[in-house]
Amino acid sequence: FLHGAGYSAMCGHAVLALGRFALDYGLVAAPSRPETAVRLRCPCGPVTAFVPWDGRCSGNPVRFHSVPAFAAATDLAVDVPGHGKVVVDIGYGGTFYAFLSAEQLGLDVCSSKTRDLVSAASAVTEAVKKQFKLHHPESEDLAFLYGTILTDGKDAFSEEPTTNICVFADEQVDRSPTGSGVTARIALQYHKGLIQLNQTRTFRSSTTGSLFTGKAVQATKFGKYNAVIVEVSGEAFYTGTATFTVEEEDPLKYGFFFK
């Protein structure tokens, strides 16, 4: 799951896309109709995608079942330079995110300038990294804060979509509602008693308007944490194919970074 600052432990939208790719390119030995389970070993652990299959090609929507997701911290007071004290939740959905309403930062997730949202979210990320130590039950390599997700504050269950923007890695903005972020947000809402098992919520990206749905489908334990398995559903589309070639004589064959 490559991005501008390295790689991620989990990318939900990539899982949706990889599920389709695995079927269409013959990587699954005996796909079944009308839906095929595709098991993927992600850096965060095993994730299963469920992909529509008509016998010839894959389709949408695709859904996946997450690794165990949990609330790492709730109502955590953090001092953010330029913004003062804010209260955040930290959730894990394959990677860790800080969550708070954009309103706490004097912004509106739906109408504020993206640059302002990105700057504020990045300031929160850096503040949380300095003031809170994360712990992962199985691997300390996964115990890092991937980014901050600013929300519209609508965490209680509703049939109406709730909107968020995910700012991750080196100030990148997700074009989708963020599969791992939806997973973590559902885990937080379940932990707080705001939703029940199998209650489906719709999540909207403030940048593109694209939608995912999510629901907690199973309660479980993950180390010391009460956790849930979350089902996320959305669409993935082909946009092209690419071939990358490495020649030994190329002095830049391992790539370069320019910013």
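See above for the structure.
Now for a look at the structure at hand.

Scoring rules and cut-offs
Each chain has its residues counted from 1, following the order in which its sequence is written. Per-residue local features of the predicted model are confined to residues with pLDDT of at least 70, and side-chain atom pairs are confined, for both listing and counting, to 80 or more; whole-chain, interface and lining totals are unaffected and use all residues. In computing side-chain values, all of the structure's heavy atoms are included and hydrogens and water are not. Strands here mean DSSP runs of E at least two residues long; helices mean DSSP runs of H or I at least four residues long; both are numbered from the N terminus. Multiplying 1.5 Å by the residue count of a helix minus one yields the expected span of that helix. Each residue is assigned to one of three classes by its accessible area relative to the maximum for its type, calculated with a 1.4 Å probe on protein chains only: buried under 20%, partly exposed between the two thresholds, exposed over 50%. Contacts between residues were defined by any pair of non-hydrogen atoms, one from each residue, lying within 4.5 Å.

One turn of an α-helix holds 3.6 residues; hence residues three or four places apart share an orientation. For helix α2 (residues 114–131), spanning 18 residues, the distance from its first C-alpha to its last is 26 Å, which sits close to the expected 26 Å at 1.5 Å a residue. Within the sequence span of α2, burial applies to Leu117, Val118, Ala120, Ala121, Ser122, Val124, Thr125, Ala127 and Val128. Where α2 is buried, its residues contact β6 (69–80), β7 (84–92), β8 (96–101), β9 (145–151), β10 (162–168) and β11 (172–173).

This part covers the environment of Gly59. Within the element layout of this structure, Gly59 appears in the loop between β4 (45–52) and β5 (62–65). Between the C-alpha atoms of Gly59 and Phe237, which are 178 residues apart in sequence, the distance is 8.9 Å. If we skip the residues at most four places from it in the chain, Gly59 touches Arg20, Val51 and Pro52.

Turning next to unusual backbone geometry. Apart from glycine, the bulk of residues carry a negative phi angle, and the bulk of peptide bonds sit in the trans form. Residue Pro34 is bonded to the preceding Arg33 through a cis peptide linkage, with omega at 0°. Tracing the chain through its elements places Pro34 in the loop between α1 (12–24) and β3 (35–42). Between Asn60 and Pro61 the backbone carries a cis peptide bond, its omega angle lying at -5°. Topologically, Pro61 is positioned in the loop between β4 and β5. Unusually for a residue other than glycine, Ala169 sits at a positive phi of about 50°. Looking at the secondary structure, you find Ala169 in the loop between β10 and β11. Residue Thr178 is not a glycine yet carries a positive backbone phi of 80°. Within the element layout of this structure, Thr178 appears in the loop between β11 and α3 (179–191).

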